[in-house]
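Close look at the chain arrangement
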Amino acid sequence: MKKIAFVYTSMGGLVETTRKLAAERLPGVETVHIADSGLVGDIIRAGEITPAVRRRLMYQFESAAAAGADAIVCACSSVGAITEMADMLLDVPVIRIDQAMIDEAVANYDRIGVLASVESTIGPTTDCIRRAALRAGREVSIVARVAQGAYQAQSAGNREEHDRLLMACAMEMHEGIDALLLAQGSMARMEQPLAEALGKPVLSSPERCMRALAALIR
């Protein structure tokens, strides 16, 4: 039986989302879920990826590999650079949860919007978009925004306010984009409401990551 490990930097709703999707999309695959719930808070407070965060995350990746994982998914977009470094260093594929979403956007859209609820996600996501565009020989423009206060609302359990702030920020970006990427997997439940409001494609990462994993396993 194949085994896939998911590594998280918080214990939010994304854990349950990936559990559910993995059960549906990866039948017969064993999944392991590993979370260092304090990491995302440390990243936000520091405003950057510190050496301590890097060491702790690499430890989680190494633990997943030692547990026999055939592939590892990092479910935090803020630490994409560490994920890519781990992919080069370990013998097991280490995959960004947002890579499939980004590749799809670059292949199909010229003006790409990026919506996040924390500032630390913007840089890693836009950097990944630019590199994907370079590999694909595509020229894209990027409009990136942070829905201020949305992360704090979600952390406080106020999903309604979180969703309202995302919607308001997305509508401000409407005219300048062809498609909108939701930078964090935890925002996936807003994919359809935002698409209906914007009248434009909205892409989230968890479902697309599962499709990529299914193809990798095959």
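Use the structure listed above.
Residues numbered from 1 in each chain as written. Predicted model: local features only at pLDDT ≥ 70, side-chain atom pairs only at ≥ 80, totals over all residues. Heavy atoms only, no water.

**Examining the overall build of the chain**
- When you go through the chain residue by residue, the secondary structure sums to ten helices and eight strands.
- Here the C-alpha atoms of the chain give a radius of gyration of 16 Å, agreeing with the 17 Å that 2.2 N^0.38 yields for 218 residues.
- Principal axes of the C-alpha set define a box for the chain whose edges measure 45 × 40 × 35 Å.
- A total of 218 residues make up the chain; the buried ones form 49% of that total. (Helix = DSSP H or I, 4+ residues; strand = E, 2+ residues; numbered from the N terminus. Rg over C-alpha atoms; globule rule 2.2 N^0.38 Å. Buried < 20%, exposed > 50% of the residue type's maximum accessible area, 1.4 Å probe, protein only.)

**A short note on the packing of helix H2 (residues 39-46) against helix H3 (residues 51-66)**
- Contact geometry of H2 with H3 gives a least axis separation of 10 Å together with a crossing angle of 160°. Taken together, the axes of H2 and H3 are roughly antiparallel relative to one another. Between H2 and H3 the crossing geometry is left-handed. Each of Leu 39, Asp 42 and Ile 43 in H2 lies in contact with H3, whose residues at this interface are Val 53, Arg 56 and Leu 57. (Axes fitted to C-alpha atoms, helices over the stretch in contact; angles between N-to-C directions. Parallel < 35°, antiparallel > 145°, perpendicular 65-115°, else oblique. Left-handed = near helix turned anticlockwise from the far one by under 90°. Contact = heavy atoms within 4.5 Å.)

**Side note on the side chain of Ser 120**
- With respect to the helices and strands, the residue Ser 120 is situated in the loop between strand S5 (111-116) and helix H6 (122-136).
- Note on Ser 120: relative accessible area 19%, which makes it buried.
- Polar side-chain contacts of Ser 120 include one of 3.0 Å to the side chain of Ser 78. (Polar contact = N/O pair within 3.5 Å; in protein donor to acceptor, adjacent residues only side chain to side chain.)

**Quick word on helix H1 (residues 14-25)**
- With twelve residues, H1 ought to run about 16 Å at 1.5 Å a step, and its terminal C-alpha atoms sit 16 Å apart, in line with that.
- Listed in full, the buried residues belonging to H1 are Leu 14, Val 15, Thr 18, Leu 21 and Ala 22. All buried residues of H1 fall inside an arc of 135° around its axis, so they share one side. Projecting away from the buried face of H1 at angles above 90 degrees are the exposed residues Glu 16, Lys 20 and Ala 23.
- For H1, the secondary structure elements touched by its buried residues are strand S1 (3-8), strand S2 (30-35) and helix H10 (205-217). (Expected span 1.5 Å × (residues − 1). Arc of directions from axis to C-beta.)

**As for the sheet that holds strand S4 (residues 94-96)**
- Spatially, the four strands line up as an open sheet ordered S2-S1-S3-S4, and their pairing is parallel. Whereas interior strands pair on both sides, the edge strands pair on one side only; in this sheet they are S2 and S4. Adjacent strand axes in the sheet meet at a mean angle of 25° when their direction is disregarded.
- Its contacts with the sheet place H1 against S1 and S2, and it is angled at close to 165° to S1. (Pairing = 2+ DSSP bridges.)

Honestly, it's all geometry; don't read function into it.
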